[in-house]
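What follows is the residue order along each chain.
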Amino acid sequence: MGKVLPDGRRVAPSILAADWSRMWEQVKTVIDAGARVIHVDVMDGHFVPPITMGPQMVEALSEHVHDAGGWLDVHLMIERPEHQVKAFADAGADSINIHWEATPHVHYALKAVRAAGCVAGLAVNPATPPEAVAGVADSFEILLCMTVNPGWGGQEFIETSKDKVRRLRSILPDRVAITVDGGVDPETARPLREAGARLFVAGSAVFGQPDPVAAYAELVTAAGAS
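Each chain carries its own residue numbering, running from 1 in the direction its sequence is written. The predicted origin of the model limits local features to residues at a pLDDT of at least 70 and limits the giving and counting of side-chain atom pairs to 80 or more, whereas totals for whole chains, interfaces and linings rest on all residues. Here the side-chain values reflect all heavy atoms present in the structure, with hydrogen atoms and water set aside.

Draft legend 1. Focus on the pattern of salt bridges. In the sections that follow, a salt bridge refers to a side-chain nitrogen of Lys or Arg positioned within 4 Å of a carboxyl oxygen of Asp or Glu. Taken as a whole and assessed by the stated rule, the structure comprises 12 salt bridges. Between Lys162 and Glu159 there is a salt bridge whose closest N-O contact spans 2.7 Å. When a residue's accessible area, from a 1.4 Å probe over protein chains only, is under 20% of the maximum for its type it is buried; when over 50% it is exposed; and in between it is partly exposed. By relative accessible area, which is 49% here, Glu159 ends up partly exposed. Here Arg193 makes a salt bridge to Glu194, at a shortest N to O gap of 4.0 Å. On the accessibility criterion, Arg193 (24% relative accessible area) is partly exposed. Three or more residues are tied together by salt bridges with common partners; here these are Asp19, Arg22 and Glu25.

Draft legend 2. Up close: the layout of surface pockets. With a 1 Å grid spanning the protein atoms alone, the term cavity applies to any set of points in which a 1.4 Å probe fits but cannot get out, the term pocket to an open set with protein on both sides within 12 Å along at least five of seven lines, and the term lining residue to any residue with an atom within 4 Å of a point. Grid points are joined across faces, edges and corners, and a volume is the space filled by probe spheres set on the points. Reported here for the largest pocket is a volume of approximately 490 Å³. Along the walls of the largest pocket sit 33 residues, with Gly154, Gln155, Gly182, Gly183 and Val184 positioned nearest its centre. Mapped by element, the contributors of at least two residues to the lining of the largest pocket are strand 2 (37-43), strand 3 (71-77), helix 6 (186-195) and strand 8 (199-202). A run of H or I in DSSP becomes a helix once it reaches four residues, and a run of E becomes a strand once it reaches two; helices and strands are each numbered from the N terminus. A per-element tally of the lining of the largest pocket places helix 6 first, with 3 residues. Polarity classes work like this: nonpolar for Ala, Val, Leu, Ile, Met, Phe, Trp, Tyr, Cys and Pro, charged for Asp, Glu, Lys and Arg, and polar for all others, with Gly in that last group. Considering only residue class, the lining of the largest pocket consists of 14 nonpolar, 12 polar and 7 charged.

Given below as structure tokens:
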């Protein structure tokens, strides 16, 4: 049997906003508070302007996170992600999200994720219509809906995202978990939950707060998560 995404609604703290000089300490803090999905934002300086981290960060965290019962959710904001899937899978990723807009071979890239033993996720930018993904709906288990433009933390939530999530929920199979990523905080989490989101990625709303544990708990309550 392959990997199975943690059930129920989950808040997935993004390490992009963590203090990198003490990364595991930061991640352990939210895992001890109940987090089970840890989100890893990978950026290449091409698909999005910033450059962030690579497989080495996933490898450095994987044993710790897995020993604690956690799940590493990798978000590849990179061009031609199919070329890098195996490296992240080998490093310990549990799920890998590739972007619809980042490759002409979306079906092939998603197939590569599954072949590497990971749960496949398809990410879409704000300008990509929900209907675009219907043709490959059998090829992924996660649909990551960007609720800001990808590439930078701390952006303002795009209000029309709520309607987009609702539309995605109506056209995708029930088995597909919808992730929302960008501008997710206690205020936006509630309507996103009502629209059908199941995974709530939060970076600055958790690690960017004076008390990440309290911030995580508040977000869990707003998202109706476990």
